[in-house]
Amino acid sequence: MKVFFLLMFGIIFSGVFVIVNAYADCKLNTDWSDAPCFDMWPVSKSEVKAAWDQYYEYKGTEWMEIKKSEMNYAVDKGILDEWIYYGSQFGNQQNYNVYFYYFIHDEAPAIGDYPESMFKKEDRVLNTTKYSDSNQDSFEIIITYYYISIGGLFVLISVIVCIGMIGFLIWRKRK
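Just so you know, the residues in each chain are numbered from 1, in the order the chain's sequence is written. Confidence filtering applies because this is a predicted model: local features only for residues at pLDDT of at least 70, side-chain atom pairs given and counted only at 80 or more, and all residues used for totals across whole chains, interfaces and linings. Side-chain figures throughout are based on the complete set of non-hydrogen atoms in the structure, without hydrogens or water.

K.L.:
Even after reading the chapter, I still don't get the pattern of salt bridges, so can you show me in this structure?
P.N.:
Close approach of charged atoms allows side chains of opposite charge to pair. We define a salt bridge as a contact between a side-chain nitrogen of Lys or Arg and a carboxyl oxygen of Asp or Glu at a distance within 4 Å. What the rule picks out here adds up to 4 salt bridges. Between Asp106 and Lys45 there is a salt bridge, with its nearest N and O atoms 2.8 Å apart. With Asp106 in the loop between α5 (94-104) and α6 (150-174) and Lys45 in helix α2 (residues 45-59), the pair connects residues that are 61 residues apart, well separated along the chain. The buried category is assigned to Lys45, whose relative accessible area is 6%. Across the salt bridge formed by Glu107 and Lys68, the nearest N and O atoms sit 2.4 Å from each other. One end of the pair, Glu107, is in the loop between α5 and α6; the other, Lys68, is in helix α3 (residues 61-77), and 39 residues separate them in sequence. Burial classification: accessible surface area is computed with a 1.4 Å probe over protein chains only, and a residue below 20% of its type maximum counts as buried, one above 50% as exposed, and the rest as partly exposed. Lys68 sits in the buried class, given a relative accessible area of 18%. Comment: elements are numbered from the N terminus, with helices defined as DSSP H or I runs of at least four residues and strands as E runs of at least two.

K.L.:
Just checking my understanding: could you explain the side chain of Ser44 for this structure?
P.N.:
Here Ser44 is to be found in the loop between α1 (2-20) and α2. Given a relative accessible area of 18%, Ser44 falls into the buried group. A polar side-chain atom of Ser44 sits 2.8 Å from a polar atom in the side chain of Ser46. For the purposes of these results, a polar contact is taken to be a pair of N or O atoms within 3.5 Å, where, inside protein, one atom must be able to donate a hydrogen and its partner to accept one; residues adjacent in sequence count only when each atom of the pair is a side-chain atom.

K.L.:
Sorry if this is basic, but what is going on with the packing of aromatic side chains here?
P.N.:
To describe a pair of aromatic rings, you give the distance between the ring centres and the angle between the ring planes. Side-chain rings of Phe, Tyr and Trp (the six-membered ring for Trp) are treated as a pair once their centres are within 6.5 Å; stacked means planes under 30 degrees apart, edge-to-face means over 60, and tilted covers the remaining angles. Inspection of the entire model under this criterion finds 11 aromatic pairs. Residues Tyr96 and Tyr99 carry aromatic rings whose centres are separated by 6.5 Å and whose planes lie at 50° to one another, so their mutual orientation is tilted. Of this pair, Tyr96 and Tyr99 both sit in helix α5, 3 residues apart, which is roughly one turn of that helix. Feature note: the residues Trp32, Trp52, Tyr55, Tyr58, Tyr96, Tyr99, Phe100 and Phe103 constitute an aromatic cluster, connected by ring pairs. Between Lys59 and the ring centre of Trp63, over which it is positioned, the NZ or CZ distance is 4.5 Å. A positively charged side chain is recorded as over a ring if its NZ (Lys) or CZ (Arg) lies within 6 Å of the ring centre. The angle to the ring normal must also be within 35 degrees.

K.L.:
Sorry if this is basic, but what is going on with the packing of α3 against α5 here?
P.N.:
Relative orientation and spacing of two packed helices are given, respectively, by the angle between their axes and the distance between those axes. For helices, the fitted axis covers only the stretch in contact; all axes are lines through C-alpha atoms, and the angles between them, taken along N-to-C directions, range from 0 to 180 degrees. α5 packs onto α3 with a crossing angle of 90° between their chain directions and a minimal axis gap of 10 Å. Relative to α5, the element α3 is oriented roughly perpendicular. Across the interface between the two elements, Trp63, Met64, Glu65, Lys67, Lys68, Glu70 and Met71 from α3 touch Gln94, Asn95, Val98, Tyr99, Tyr101 and Tyr102 from α5. Considering only residue class, the contact of α3 with α5 consists of 7 nonpolar, 2 polar and 4 charged. An angle below 35 degrees is treated as roughly parallel, one above 145 as roughly antiparallel, one from 65 to 115 as roughly perpendicular, and anything else as oblique. Here a residue-residue contact requires only that any non-hydrogen atoms of the pair lie within 4.5 Å. Basically, the charged four are Asp, Glu, Lys and Arg, the nonpolar ten are Ala, Val, Leu, Ile, Met, Phe, Trp, Tyr, Cys and Pro, and anything else, Gly included, counts as polar.

That is the geometry; function is a separate question.
Shown next, in the form of structure tokens:
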């Protein structure tokens, strides 16, 4: 009888630890350290939108519009998958974050069932545009533009001018 109770106690006790364990699947977002984590699906689309609206504010209108034009170019050329994951092996998540932001705002096509499957059924768009890479050109170059502020451009130009002037003075002195 003791063995039976010990066995039952062991089964119940080990079952409690198995049930209590929970695992989350949120990775560190190197592009946006304050990125929200929605690891318990399904979630409300409005909740996701509200959380990701801060990303647009964080990056700024000009930068987001540049990246949106890149994304639309990638969709038109059939290289959206490549564009989204461009540089991800080096920790670059900018393109994915931009895609996800515009997807939840219904301005980017779905790629398979993800990320549409993360939303509650009542929030899903049944006729969501699905991405097709049927017009993909295997020789297409993936272009990602880099945002340079006006101030940064002035600094770069002034450095180039200074180096040019120093080079010119050294050249004149040698003659």
